[in-house]
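# What the coordinates show
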Amino acid sequence: MTSPNSNRRHRVVIVGGGFGGLQAALKIARLPVDLTLIDRRNFHLFQPLLYQVATGALSPAEISYPLRRVLRGRPNVRVLLGEVTDIDLAAQRVGLRPIAGEAGDDSVPFDTLIVAAGAQYTYFDHDDWRQAAPDLKTIEGAISVRNRILRAFEAAELESDPERRTAWLTFVIVGAGPTGVEMAGQIAEIARDLRDNFESVDTSQAQILLVEAGDRVLSDFPPVLSAKAQRSLTRLGVTTLVGQMVVGVDGESVTLKHADDGTRRIPARTVVWAAGVVASPVAGELAEHAGLEVDRSGRLEVLEDLTLPGHPNVLAIGDMIRIRQPDGSTIALPGVAPVAMQEGRHAARVVRDRLDGRPARRFRYHDKGNLATIGRASAVADIKHIRLSGFLAWITWLTVHIWYLIGFENRLLVLTRWAFSFFAHGRGARLITEPAKREATDAPAPARDSE
Ligand SMILES: Cc1cc2nc3c(=O)[nH]c(=O)nc-3n(C[C@H](O)[C@H](O)[C@H](O)COP(=O)(O)OP(=O)(O)OC[C@H]3O[C@@H](n4cnc5c(N)ncnc54)[C@H](O)[C@@H]3O)c2cc1C
């Protein structure tokens, strides 16, 4: 990993300024190298709180932080706004499509490359559902969901036909992992909170259906916590439909299939997608160039030190990888922020070790536990075999999320908003920002800062 030209410093390029890439960048910035961080967005996004943007509890800017600001004042660091389209491992160059300005000679050379491009939702070969059932992966997706939820209540207020009104007041969330559970709980709370804001419709009559193909909610948690979460959801007014597969989404209804009951169509105008993720297409691009394969979820297999087989100067981290073990098997660690962050810090150690002439070490994941919130003062936590639920778990969830949020200003703002919401049941960002017909999640409009 030494630079062929001894007059220049070692060049490290990081693709992706999410949880993994940013941690790597913060550590590598301290080394005697020239670092370039490339992302197609100019901000780091705190995805765990996207559902709060989708439900008007927080504004987009409160969970995002400009990458240039995080990495400012470091003369050896360059931040580039661009979408990586090609990775040439032989020539050691990353090709990118600029997001701003004209296309020029847009390739960036590297001595060491760290790829942290994350994952995206999959609609299981039904991309046509995407338009009717936006996901929560981006600010645009969250705003689209927020628009649809708030618009549904407005439409119900205007609707005189009881069946059509019921369809407007039926909200379906697909996937009962942490995001689906959080979303369902929040929609139930909005419906309750908005009760006295409408004249002819009783928003608390809204039906919130949480659909899960597996046999329980929060399947990554111990069954006892799943059961507690399920009870909390029921108390909030959420109907959980487990063992049900979504087989149709058309903007007016959702069709579900159950092994015993056959199929049934539920009229519902608002559907939120929170099921199934696949690795970023960048993983496939990298695999193709390295002569490797990806698994069914599009994840790339890396060695124990997170380098690509046959390419010790290329590392991949975060949601887009599986890791080969000493016995030849591979594991996919959970697709959560702590995994990506620890891998990011490990990638920085690999760079430092190699600069110092030491061999790269094996990555070891330290599992700090699992958290999910269900609603106001309700959460579940599984932390090193300590199982918490209710208020104590919620306080733990709150503390962890504030701690990991980037930027002191954002921490303060979010804390203030949460305190206000807790006591006043208020939602500061209850705006419908797009008329229905202009909304398209596949061609998103840029988010405005303080929406
Ligand atoms: C709605 C939601 C809720 C979640 N809640 C939790 C939670 O409560 N707790 C938890 O631990 N985890 C949660 N996660 C998972 C967590 O966010 C991910 O595991 C984590 O973001 C993975 O980090 P990463 O670095 O691999 O990818 P990301 O953080 O997704 O970062 C990838 C980065 O790469 C950039 N990028 C992608 N492709 C390109 C390209 N071609 N060119 C340039 N840039 C590119 C993206 O813009 C992005 O900035 C949640 C995820 C979602 C979507």
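One numbering rule holds for all chains: residues counted from 1, following each sequence as written. Only residues with pLDDT of at least 70 are given local features in this predicted model, and only at 80 or more are side-chain atom pairs given and counted; all residues enter the totals for whole chains, interfaces and linings. Think of the side-chain values as coming from all heavy atoms in the structure, minus any hydrogens and water.

Two strands in a sheet stick together by hydrogen bonds in their backbones, pointing the same way (parallel) or opposite ways (antiparallel). If you trace the 3 strands from one edge of the open sheet to the other, you get E18-E21-E22, paired in mixed fashion. Of all strands in the sheet, those bounded by a partner on one side alone are strand E18 (300-302) and strand E22 (330-331). Only when DSSP finds a minimum of two bridges between them are two strands counted as paired. Runs of H or I in DSSP of at least four residues are treated as helices and runs of E of at least two as strands, each being numbered from the N terminus. Relative to E22, strand E21 (residues 321-324) is paired through 2 bridges, and the arrangement is antiparallel. If you follow Ile323 over to E22, its bridge partner there is Ile331.

Our focus in this paragraph is the site of the ligand. Taken together, 28 residues lie near the ligand, and Gly20, Asp39, Gln47, Val84 and Ala337 sit nearest. At a separation of 2.9 Å, an oxygen atom of the ligand approaches a polar side-chain atom of Gln47. In protein, a polar contact requires one atom able to donate a hydrogen and another able to accept it; more generally it is a pair of N or O atoms within 3.5 Å, and residues adjacent in sequence count only if both atoms are side-chain atoms. Here an oxygen atom of the ligand and a backbone polar atom of Asp319 are 2.9 Å apart. What sets the accessible areas is the Shrake-Rupley method with a 1.4 Å probe; for residues, cover comes only from the shown protein chains. Relative to its unbound accessible surface of 990 Å², the ligand loses 91% to contact with the protein. Domain ranges listed in this record stem from an automatic or a database domain assignment. Formed jointly, the shell around the ligand draws a minimum of three residues from each of two domains, domain 1 (10-121 + 278-355) and domain 2 (127-274). Whether a residue is near a molecule or strand depends on its heavy atoms: it is near if one of them lies within 4 Å of it.

Looking at the assigned domains, one finds that the protein chain contains domain 1 (10-121 + 278-355) and domain 2 (127-274). Distance between the C-alpha centres of domain 1 and domain 2: 33 Å. A pairing counts as a salt bridge when a side-chain nitrogen of Lys or Arg comes within 4 Å of a carboxyl oxygen of Asp or Glu. The interface formed by domain 1 and domain 2 contains 1 salt bridge. Notably, a salt bridge pairs Arg41 with Glu140, separated by 2.7 Å at the nearest N-O pair.

We now examine the pairing of strand E2 (residues 33-39). Only protein chains enter the accessibility calculation, which uses a 1.4 Å probe. A residue is then buried if its area is under 20% of the maximum for its type, exposed if over 50%, and partly exposed in between. Taken across its 7 residues, E2 has 6 buried, putting it largely inside the fold. Sheet topology note: the strand E1 (residues 10-15)/E2 ladder contains 6 bridges and is parallel. Of the residues in E2, the one forming a bridge with Val13 is Thr36. Crossover handedness is defined by viewing with both strands directed away from the observer: a clockwise path from the first strand over the helix to the second marks the crossover as right-handed. The handedness of the E1 to E2 crossover, carried by helix H1 (residues 19-28), is right-handed. Summarising the sheet, E2 and strand E5 (residues 77-88) pair through 5 bridges and their orientation is parallel. Its bridge partner being in E5, Leu37 is matched across the sheet by Val79.

Next up on the list: the sheet that holds strand E25 (residues 386-389). Pairing within the open sheet is antiparallel, and its 3 strands lie in the order E23-E24-E25. Edge positions in the sheet fall to strand E23 (370-375) and E25, since each has one partner strand and no second. Between one strand axis and the next, the sheet turns through 5° on average, direction left out of account. Two strands pair when backbone bridges link them, and E23 and strand E24 (residues 378-383) are joined in this way by 5 bridges, in the antiparallel orientation. Across the sheet, Ala372 pairs through a bridge with Val380, a residue of E24. Seen against the sheet, helix H10 (residues 391-404) touches E23, E24 and E25 and runs at an angle of roughly 110° to E23. Whenever a helix is involved, its axis is fitted only over the stretch in contact; in every case the axis is a line through C-alpha atoms, and angles between N-to-C directions fall within 0 to 180 degrees. Throughout, a residue-residue contact means that at least one pair of heavy atoms, one from each residue, lies within 4.5 Å.

On to the packing of H1 against helix H9 (residues 337-355). Relative to each other, H1 and H9 sit at 35°, their axes nearing to 7 Å. The handedness of the crossing between H1 and H9 is right-handed. Counting all contacts with H1, which are made through Phe19, Gly20, Gln23, Ala24, Lys27 and Ile28, the residues of H9 involved are Ala337, Ala340, Met341, Gly344, Arg345, Ala348 and Val351. Charged residues are taken to be Asp, Glu, Lys and Arg, nonpolar residues to be Ala, Val, Leu, Ile, Met, Phe, Trp, Tyr, Cys and Pro, and polar residues to be all remaining types, Gly included. For the contact of H1 with H9, the per-class residue count stands at 8 nonpolar, 3 polar and 2 charged. Left-handed describes a crossing in which the near helix is turned anticlockwise from the far one by less than a right angle; the clockwise case is right-handed.

Along its 14 residues, H10 runs 20 Å from first to last C-alpha, staying within 8% of the 20 Å computed at 1.5 Å per residue. Every buried residue of H10 is listed here: Ala393, Trp394, Trp397, Leu398, His401 and Ile402. The buried residues of H10 occupy an angular sector of 165° when projected down its axis, which confines them to one face. Exposed and oriented more than 90 degrees from the buried face of H10 are Leu392 and Trp403. Considering only its buried residues, H10 is in contact with helix H2 (50-54), helix H6 (178-193), E23, E24, E25 and helix H11 (408-424). One less than the residue count of a helix, multiplied by 1.5 Å, gives the span that helix is expected to have. Arc definition: it is the arc formed by the directions from the helix axis to the C-beta atoms.

Before going further, it helps to spend a moment on unusual backbone geometry. Of note, the phi angle at Gln92 is positive, near 55°, even though the residue is not glycine. Topologically, Gln92 is positioned in the loop between E5 and strand E6 (93-98). A positive phi is found at Ala377, a non-glycine position, where the angle reads about 60°. Overall, Ala377 belongs to the partly exposed group, its relative accessible area being 22%.

The next point concerns the packing of aromatic side chains. Remark: the centre distance and the inter-plane angle together describe each pair of aromatic rings, the angle taken between the planes. The rule is short: rings of Phe, Tyr and Trp, with Trp giving its six-membered ring, pair when the centres are within 6.5 Å, and they are stacked under 30 degrees, edge-to-face over 60, tilted in between. Considering all chains together, one arrives at 8 aromatic pairs under this definition. Seen in terms of ring centroids, Phe391 and Trp394 are 5.9 Å apart; in terms of plane orientation they differ by 40°. Their pairing is tilted. On the criterion of helical spacing, the pair formed by Phe391 and Trp394 is a turn pair, its members being 3 residues apart in helix H10. A residue is classified by how much of its surface remains accessible, and Phe391, at 48% relative accessible area, is partly exposed. Look at Trp394 and you get buried, because its relative accessible area is 13%.

For side chains of opposite charge, pairing can occur when their charged atoms come near one another. Considering all chains together, one arrives at 23 salt bridges under this definition. Its salt-bridge partner being Asp34, residue Arg9 comes within 3.4 Å of it at the nearest N-O pair. You can see Arg9 sitting in the segment before E1 and its partner Asp34 sitting in strand E2, a full 25 residues away along the chain. According to the relative accessible area criterion, Asp34 is partly exposed, its value standing at 32%. One salt bridge in this structure joins Arg322 and Asp295, with 3.3 Å as the shortest N-O distance. With Arg322 in strand E21 and Asp295 in the loop between helix H8 (281-290) and E18, this pair connects stretches of sequence that are 27 residues apart. Note on accessibility: Arg322 and Asp295 belong to one class, buried.

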